[in-house]
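Inside the fold
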Amino acid sequence: MGNLSEIINEELQVETVFTIPIFGGIPVSESVVVTWIIMAVLILGAFLLTRNMKLHNISKRQAFAEWIVTTLSDMVEGMVGEKGRAFIPYLVTVMLYVGVANVCGIFGFKAPTKDLNVTAALALMSILLVEGAGIYYLGIKRWLHKFTEPIAVVTPINVLEVFTRPLSLCMRLFGNVIGAFVIMELIKTISRNILLPAVFCLYFDLFDGLLQAYVFVFLTSLYIREEIE
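Below: a short report on this structure. Per chain, the residues get numbers from 1 upward, laid out in the order the sequence is written. Reporting of local features is limited, given that this is a predicted model, to residues whose pLDDT is at least 70; pairs of side-chain atoms are given and counted only at 80 or more, and all residues count toward the totals for whole chains, interfaces and linings. Hydrogens and water are ignored here; the side-chain numbers use all heavy atoms of the structure.

Taken as a whole, the largest pocket holds about 1100 Å³ of empty space. Cavity: a set of points on a 1 Å grid over the protein atoms alone where a 1.4 Å probe fits but cannot get out. Pocket: an open set with protein on both sides within 12 Å along at least five of seven lines, its lining residues, like those of a cavity, having an atom within 4 Å of a point. Along the wall of the largest pocket there are 36 residues; nearest its centre are Leu-42, Leu-72, Leu-96, Tyr-97 and Val-100. Where helices and strands are cited, they refer to DSSP runs of H or I of at least four residues and of E of at least two residues respectively, numbered from the N terminus. Top contributing element to the lining of the largest pocket by residue count: helix 2 (residues 30-50), with twelve residues. Grid points are joined across faces, edges and corners, and a volume is the space filled by probe spheres set on the points.

Right, dumping it as structure tokens:
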């Protein structure tokens, strides 16, 4: 069990890969480097799938790319509603990033979502988008007035909710990713059969990682929908 604690502590540590020698030195952590790799993979994949696109007699590659875009866009539109279609590109991008970030551990990388700074940044971006959407669609006066609904006495609670939402998004994603890692390590510790960890890996490292990406975007979409409708 002591060995397990050491593994968990090591996984939670954010190591600095290198330092950019400007402004007194800007440390670049492992999670940032892995994020850059994920971005490069997603951009390269998008480029390869969308080059030489046609209107007629499309290739299987283009059909596959259109299927991905259509499936994810329809999924997110069902969550955010027709009025929030302008936010679909951002939400789909976040879903792709979080999904890949959660499952990249299978390929030997440390998942960026195991870094609390990454999940906090994602949550903060989402909540800024939510409140910005509310101001854009409702106007400042109506946006401020919604904090007094349904009665003025609940205003402090409504204001507090603005700060608890990003905390909830951040800790939910971080906690589930770390929880899945801890469970997998426990299974590896108590199991002498290689097959058992491999089976659970399909759930905790693959399915659960993709599920958490869906949940994160679902909650963000739900908040946006509440703001603009």
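As a further point, take empty space enclosed by the protein. Under the defined criterion, the tally for this structure stands at two cavities of 30 Å³ or more. The calculated volume of the largest cavity comes to roughly 60 Å³. If you trace the largest cavity, you find it lined by Gln-13, Val-14, Glu-15, Glu-30, Ser-31, Lys-110, Ala-111, Pro-112, Lys-114 and Asp-115. When residues are grouped by polarity, Ala, Val, Leu, Ile, Met, Phe, Trp, Tyr, Cys and Pro land in nonpolar, Asp, Glu, Lys and Arg in charged, and all others, Gly among them, in polar. Residue composition of the lining of the largest cavity, by class: three nonpolar, two polar and five charged. Estimates place the volume of the second largest cavity at around 30 Å³. For the lining of the second largest cavity, the elements supplying multiple residues, two or more each, are helix 7 (155-190) and helix 8 (195-228). The residue inventory of the lining of the second largest cavity, partitioned by class, reads four nonpolar, one polar and one charged.

Contact geometry of helix 5 (residues 116-138) with helix 7 gives a least axis separation of 8 Å together with a crossing angle of 140 degrees. The element helix 5 and its partner helix 7 pack so that their crossing is right-handed. Of helix 7, the residues touching helix 5 (which contributes Leu-116, Thr-119, Ala-120, Leu-122, Ala-123, Ser-126, Ile-127, Val-130 and Glu-131) are Val-162, Arg-165, Pro-166, Leu-169, Cys-170, Met-171, Leu-173 and Phe-174. A breakdown of the residues in the contact of helix 5 with helix 7 according to their chemical character gives 13 nonpolar, two polar and two charged. With axes taken as lines fitted to C-alpha atoms, and helix axes fitted only over the stretch in contact, angles between N-to-C directions fall between 0 and 180 degrees. Definitions for this section: a left-handed crossing has its near helix turned counterclockwise from the far helix by less than a right angle. A right-handed crossing has that turn clockwise. In what follows, a contact means two residues having at least one pair of non-hydrogen atoms within 4.5 Å.

This part is about the environment of Asn-57. Looking at the element boundaries, Asn-57 is found in the loop between helix 2 and helix 3 (60-80). Taking C-alpha positions, Asn-57 is 33 Å from Leu-210, a pair spaced 153 residues apart along the chain.

This part is about the packing of aromatic side chains. The rule is short: rings of Phe, Tyr and Trp, with Trp giving its six-membered ring, pair when the centres are within 6.5 Å, and they are stacked under 30 degrees, edge-to-face over 60, tilted in between. Applying the stated rule across the entire model yields six aromatic pairs. A network of ring pairs unites the aromatic residues Phe-87, Tyr-136 and Tyr-137 as a single cluster. By the criterion adopted, a ring carries a charge over it if an Arg CZ or a Lys NZ lies within 6 Å of its centre and within 35 degrees of its normal. Across the ring face of Phe-147, the terminal group of Lys-146 is positioned such that the distance to the ring centre comes to 4.0 Å.

In short, shape yes, function no, at least from these values alone.
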